[in-house]
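What the coordinates show
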Amino acid sequence: MDVLINVFVALHIIGIASLLGGFLTQMKAMGAGTARFVPAMLHGALTMLITGIALVGLNQADDQAVNNVKIAIKMAILVVILGLVYVKRDEEQVSKGLFGAVGGLTVANIFIATLWT
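Residues numbered from 1 in each chain as written. Predicted model: local features only at pLDDT ≥ 70, side-chain atom pairs only at ≥ 80, totals over all residues. Heavy atoms only, no water.

Some remarks on the packing of helix 1 (residues 2-25) against helix 3 (residues 39-61)
Helix-helix packing is described using two parameters, namely the angle between the two axes and the distance between the axes. In the contact formed by helix 1 and helix 3, the axes pass within 8 Å of each other and the chain directions differ by 155°. As the angle between them shows, helix 1 and helix 3 are arranged roughly antiparallel. Between helix 1 and helix 3 lies a crossing of left-handed hand. Residues L4, I5, F8, V9, L11, H12, G15, I16, S18, L19, G22 and F23 of helix 1 form the contact with helix 3, whose own contacting residues are A40, M41, G44, A45, T47, M48, T51, G52, A54, L55, L58 and N59. Its residues assigned to classes, the contact of helix 1 with helix 3 shows 15 nonpolar, 9 polar and no charged. (Axes fitted to C-alpha atoms, helices over the stretch in contact; angles between N-to-C directions. Helix = DSSP H or I, 4+ residues; strand = E, 2+ residues; numbered from the N terminus. Parallel < 35°, antiparallel > 145°, perpendicular 65-115°, else oblique. Left-handed = near helix turned anticlockwise from the far one by under 90°. Contact = heavy atoms within 4.5 Å. Nonpolar A, V, L, I, M, F, W, Y, C, P; charged D, E, K, R; others polar.)

What follows is the structure, encoded as structure tokens:
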């Protein structure tokens, strides 16, 4: 079970790397007001959602403690990110505020995951 959990953790990290990497590649464009949500951001958020749900199930099946409040907050943030990216994915450019909000929420999710023990 530990190997399976570690595989899903790795996939979860790949998802966050895709989401954050997509954001970071558009930083210069954000300064110019021409940033857009790239497909990597949508795919990363979807990967995080699927692997996160799987991780909660696997950890509970392995009788490991799961902090349900932390998971609920992380999932709520991810659903907001996913909703924003999905709705605006076809637009040629996104406002600086909206694009910055997605980046800020992504970073907040990373800090919640790593610092909340």
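What to know about the pattern of salt bridges
Note on pairing: side chains with opposite charge can pair once their charged atoms come close. Applying the stated criterion across every chain, the model contains 1 salt bridge. The partner of K88 in a salt bridge is E91, with the nearest N and O atoms 3.4 Å apart. (Salt bridge = Lys/Arg side-chain N within 4 Å of Asp/Glu carboxyl O.)

Concerning the side chain of K70
Of note, K70 is situated in helix 4 (residues 68-87). Put simply, K70 is tucked away with no salt bridge, and the nearest opposite charge, on D62, sits 16 Å away. Here A113 takes part through its backbone oxygen, which lies 3.2 Å from a polar atom of the side chain of K70. Not counting residues within four places of it along the chain, the set of residues in contact with K70 comprises I112, A113 and W116. (Buried < 20%, exposed > 50% of the residue type's maximum accessible area, 1.4 Å probe, protein only. Lys, Arg positive; Asp, Glu negative; His and termini not counted. Polar contact = N/O pair within 3.5 Å; in protein donor to acceptor, adjacent residues only side chain to side chain.)

Some thoughts on helix 3
Taking 1.5 Å per residue as the helical rise, helix 3 with its 23 residues ought to reach 33 Å, and the 33 Å between its terminal C-alpha atoms agrees with that figure. Along helix 3, the residues that are buried comprise M41, L42, G44, A45, M48, L49, T51, G52, L55, V56, L58 and N59. In the core, the buried residues of helix 3 are packed alongside helix 1, helix 4 and helix 5 (96-115). Note on helix 3: the residue one or two positions beyond its end, D63, has a positive phi of about 55°. (Expected span 1.5 Å × (residues − 1).)

Observations regarding the packing of aromatic side chains
Enumeration according to the criterion identifies 2 aromatic pairs in this entry. Arranged with centres 5.0 Å apart and planes meeting at 20°, the rings of F23 and F99 form a pair that is stacked. With F23 in helix 1 and F99 in helix 5, the pair connects residues that are 76 residues apart, well separated along the chain. Comparing F23 with F99, the two get one shared label, buried. (Phe/Tyr/Trp six-rings, centres within 6.5 Å; stacked < 30°, edge-to-face > 60°.)

Topic: the packing of helix 4 against helix 5
Contact geometry of helix 4 with helix 5 gives a least axis separation of 10 Å together with a crossing angle of 155°. Classified by the angle their axes make, helix 4 and helix 5 are roughly antiparallel. Our pair here, helix 4 against helix 5, has a crossing hand that is left-handed. Touching K70, I73, K74, I77, L78, V80, I81, L84 and V85 of helix 4 are L98, V102, L105, T106, N109, I112 and A113, all from helix 5. In the contact of helix 4 with helix 5, the residues fall into 12 nonpolar, 2 polar and 2 charged.

Thoughts on the nonpolar core
In terms of nonpolar packing, the biggest core is built from 22 residues, with L19, F37, M41, I81, V85, F99 and V102 touching the most fellow members. Contributions of two or more residues to this core are made by helix 1, helix 2 (27-32), helix 3, helix 4 and helix 5. With sequence-adjacent residues up to four places away left out, F99 is seen in contact with F23, Q26, M30, A35, R36, F37, M41 and V94. (Core = buried A, V, L, I, M, F, W, Y, C linked by side-chain atoms within 4.5 Å.)

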